[in-house]
Amino acid sequence: MNPEPPAASDASKAVTPRFLREQYESGATVDELVAASGLSYGTVLNRLHDAGTVMRTSWQTRRMRQNPQARQRLAARLRTLYEQHGATLTELAAAAGETRRGARRLLIEAGGTVRTTQQTQRMRAAARAAERHKVALSLRARYEAGATVPDLAKEHSYSIATVYRLLHQAGTPMRPQHNHGPARDARKRP
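These lines cover the structure that appears in this document, whether it is placed above or below. (Residues numbered from 1 in each chain as written. Predicted model: local features only at pLDDT ≥ 70, side-chain atom pairs only at ≥ 80, totals over all residues. Heavy atoms only, no water.)

**Points about the side chain of threonine 162**
- Structurally, threonine 162 can be placed in helix α11 (residues 160-169).
- For threonine 162, a relative accessible area of 13% gives the class buried.
- Side chain to side chain, threonine 162 and serine 159 meet in a polar contact 2.9 Å long. (Helix = DSSP H or I, 4+ residues; strand = E, 2+ residues; numbered from the N terminus. Buried < 20%, exposed > 50% of the residue type's maximum accessible area, 1.4 Å probe, protein only. Polar contact = N/O pair within 3.5 Å; in protein donor to acceptor, adjacent residues only side chain to side chain.)

**Some remarks on the side chain of threonine 172**
- Mapped onto the elements of the fold, threonine 172 is located in the segment after α11.
- A polar contact of 2.9 Å, which involves the side chain of threonine 172, links it to the backbone oxygen of leucine 167.
- Excluding residues that lie within four positions of it along the chain, threonine 172 makes contacts with Arg140, Tyr143, Glu144 and Leu167. (Contact = heavy atoms within 4.5 Å.)

**What to know about the packing of aromatic side chains**
- Evaluated as defined, the whole model comprises zero aromatic pairs.
- Sitting over the face of the ring of tyrosine 24, arginine 56 holds its NZ or CZ atom 3.9 Å from the ring centroid.
- Geometry around tyrosine 82 places arginine 115 over its ring, the cationic atom sitting 3.8 Å from the centre. (Phe/Tyr/Trp six-rings, centres within 6.5 Å; stacked < 30°, edge-to-face > 60°. Lys NZ or Arg CZ within 6 Å of the ring centre and 35° of its normal.)

**A few points about the packing of helix α10 (residues 149-156) against α11**
- Their axes nearest at 8 Å, the elements α10 and α11 cross at an angle of 105 degrees. Between α10 and α11, the angle is such that the two are roughly perpendicular. Note on element contacts: α11 touches α10 through Ile160, Val163, Tyr164 and Leu167, opposite Val149, Pro150, Leu152 and Ala153.
- Classifying every residue of the contact of α10 with α11 gives eight nonpolar, no polar and no charged. (Axes fitted to C-alpha atoms, helices over the stretch in contact; angles between N-to-C directions. Parallel < 35°, antiparallel > 145°, perpendicular 65-115°, else oblique. Nonpolar A, V, L, I, M, F, W, Y, C, P; charged D, E, K, R; others polar.)

**A look at the packing of helix α6 (residues 68-84) against helix α7 (residues 89-96)**
- It is the contact of α6 with α7, at a shortest axis distance of 10 Å, that shows an interaxial angle of 145 degrees. Between α6 and α7 the crossing geometry is right-handed. Counted together, Leu74, Arg77, Leu78, Leu81 and Tyr82 of α6 and Leu89, Leu92, Ala95 and Ala96 of α7 form the full contact between these two elements.
- Here the contact of α6 with α7 is built from residues that sort into eight nonpolar, no polar and one charged. (Left-handed = near helix turned anticlockwise from the far one by under 90°.)

**Focus on the pattern of salt bridges**
- In the structure shown here, the tally under the stated rule is seven salt bridges.
- The shortest N-O distance in the salt bridge between glutamate 22 and arginine 18 comes to 3.3 Å. Placement of both glutamate 22 and arginine 18 in helix α2 (residues 17-25) is noted, with a separation of four residues, approximately one turn of the helix.
- What makes arginine 18 exposed here is its relative accessible area of 63%.
- In this structure, glutamate 155 engages arginine 142 in a salt bridge whose closest nitrogen and oxygen atoms are separated by 2.4 Å. Of this pair, glutamate 155 sits in helix α10 while arginine 142 is found in helix α9 (residues 117-144), placing the two residues 13 residues apart along the sequence.
- Residue arginine 142 is classed as partly exposed on the basis of its relative accessible area, which comes to 36%. (Salt bridge = Lys/Arg side-chain N within 4 Å of Asp/Glu carboxyl O.)

**Details of α11**
- All of the buried residues along α11 are Thr162, Val163, Leu166 and Leu167. Projected down its long axis, α11 carries its buried residues within an arc of 135 degrees, all on one side. Residues of α11 that are exposed and point more than 90 degrees away from the buried face comprise Ala161 and His168.
- On its buried face, α11 sits against α9 and α10.
- A positive phi of about 75 degrees marks glycine 171, the residue just after α11. (Arc of directions from axis to C-beta.)

Spelled out as structure tokens, the structure:
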């Protein structure tokens, strides 16, 4: 003889698959439905399945619950960082508190286009070149005002060779070098 199954409580009978589906589709999570209904996790999943519910992933639930205006502002900020400041997806993820995939999704939502690694490297190299050109021009101005190459190197924590290279890149007319050592005697030939 088989034992009889336990009698279902009135509360669990009232929680129909349709009711659970409506609650789930309005944004409730399975855990919240379990807590509210007193049913087991598996029972809630089975009833949702019986009702033909399309299940969400956790990120879809988070996205659904987010304030749409806040999400749009965040996406726009990430796009600005990405396009105007050359940030990478990893940097965007850190700024947004998201994963790289989440940051990429936000960027695309804001109308941004994802760059290749090579495009990012070229963009950053161009930004470094522009910054280096500014430094070269400021070194040129200081050099033409009378500063020496060793002084400029010490002031900017560059090597003397780097200062010479930057001055050359800026098209600086160089002063003649001075020989500060002892005077050399010209060799006399017999």
